[in-house]
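Take a look at the letters that make up each chain.
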Amino acid sequence: MMDYRKVAANFVIIGDCKLHPAVVEISEGRVVNYYEFSDELPMTEWIGGTVILQRDRENILRAYKDAQIIE
């Protein structure tokens, strides 16, 4: 079983797509899943605001909030 962190935000942006509200699942600094939600989810940390998903130089999908990577 993979250990990962689930964070939720008002908006998650990836390219031209804007999800609202959305969850991002992160394992070892890599985004492994992201999706919109409508009901409260267990084991999910609400960080609010906007999370930007971008690929780094190594083509790994990373999550950023306020220009800081989310680990």
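A brief report on the enclosed structure follows. (Residues numbered from 1 in each chain as written. Predicted model: local features only at pLDDT ≥ 70, side-chain atom pairs only at ≥ 80, totals over all residues. Heavy atoms only, no water.)

**Let's talk about the pairing of strand 1 (residues 5-9)**
In step 1: The buried fraction of strand 1 amounts to four of the five residues, a majority that puts the element mostly inside the structure.
In step 2: The pairing of strand 1 with strand 4 (residues 22-27) spans five bridges and is antiparallel. Paired with Arg5 across the two strands is Ile26, which belongs to strand 4.
In step 3: Two elements, strand 1 and strand 6 (residues 45-46), share two bridges in a ladder whose sense is parallel. Bridge pairing links Ala8 to Trp46 in strand 6. (Buried < 20%, exposed > 50% of the residue type's maximum accessible area, 1.4 Å probe, protein only. Helix = DSSP H or I, 4+ residues; strand = E, 2+ residues; numbered from the N terminus. Pairing = 2+ DSSP bridges.)

**Examining the packing of aromatic side chains**
In step 1: Within the structure shown, the criterion is met by zero aromatic pairs.
In step 2: Residue placement shows Lys18 over the ring face of Phe11; its charged tip is 4.5 Å from the ring centre. (Phe/Tyr/Trp six-rings, centres within 6.5 Å; stacked < 30°, edge-to-face > 60°. Lys NZ or Arg CZ within 6 Å of the ring centre and 35° of its normal.)

**So, the environment of Asp16**
In step 1: You can see Asp16 is positioned in the loop between strand 2 (11-14) and strand 3 (17-19).
In step 2: For the pair Asp16 and Ile52, spaced 36 residues apart in sequence, the C-alpha separation works out to 11 Å.

**Overview of the environment of Val32**
In step 1: Mapped onto the elements of the fold, Val32 is located in strand 5 (residues 30-36).
In step 2: Remark: the alpha-carbon pair of Val32 and Leu61, spanning 29 residues in sequence, is separated by 8.1 Å.

**Some words on the pairing of strand 2**
In step 1: Alternating residues of strand 2 divide into Val12 and Ile14, all buried, and Phe11 and Ile13, none buried.
In step 2: One ladder, built from three bridges, connects strand 2 with strand 3; its direction is antiparallel. Counterpart to Ile13 in the pairing with strand 3 is Lys18.
In step 3: The hairpin turn running from strand 2 into strand 3, its antiparallel successor, is two residues long, and Gly15 in that turn takes a positive phi close to 60 degrees.

**Topic: the sheet that holds strand 1**
The pairing of strands in a sheet comes from backbone hydrogen bonds and takes either a parallel or an antiparallel form.
In step 1: Spatial strand order, 5-4-1-6: four strands in an open sheet with mixed pairing. Two strands close off the open sheet at either side, each with one partner strand: strand 5 and strand 6.

**Considering unusual backbone geometry**
In step 1: With a phi close to 70 degrees, Asn59 is a non-glycine residue in the positive phi region.
In step 2: Looking at the secondary structure, you find Asn59 in the loop between strand 7 (50-55) and strand 8 (61-65).
In step 3: Notably, Asp66 is not glycine yet its phi reads approximately 55 degrees, a positive angle.
In step 4: By the secondary structure assignment, Asp66 is in the loop between strand 8 and strand 9 (68-69).
In step 5: On the accessibility criterion, Asp66 (65% relative accessible area) is exposed.

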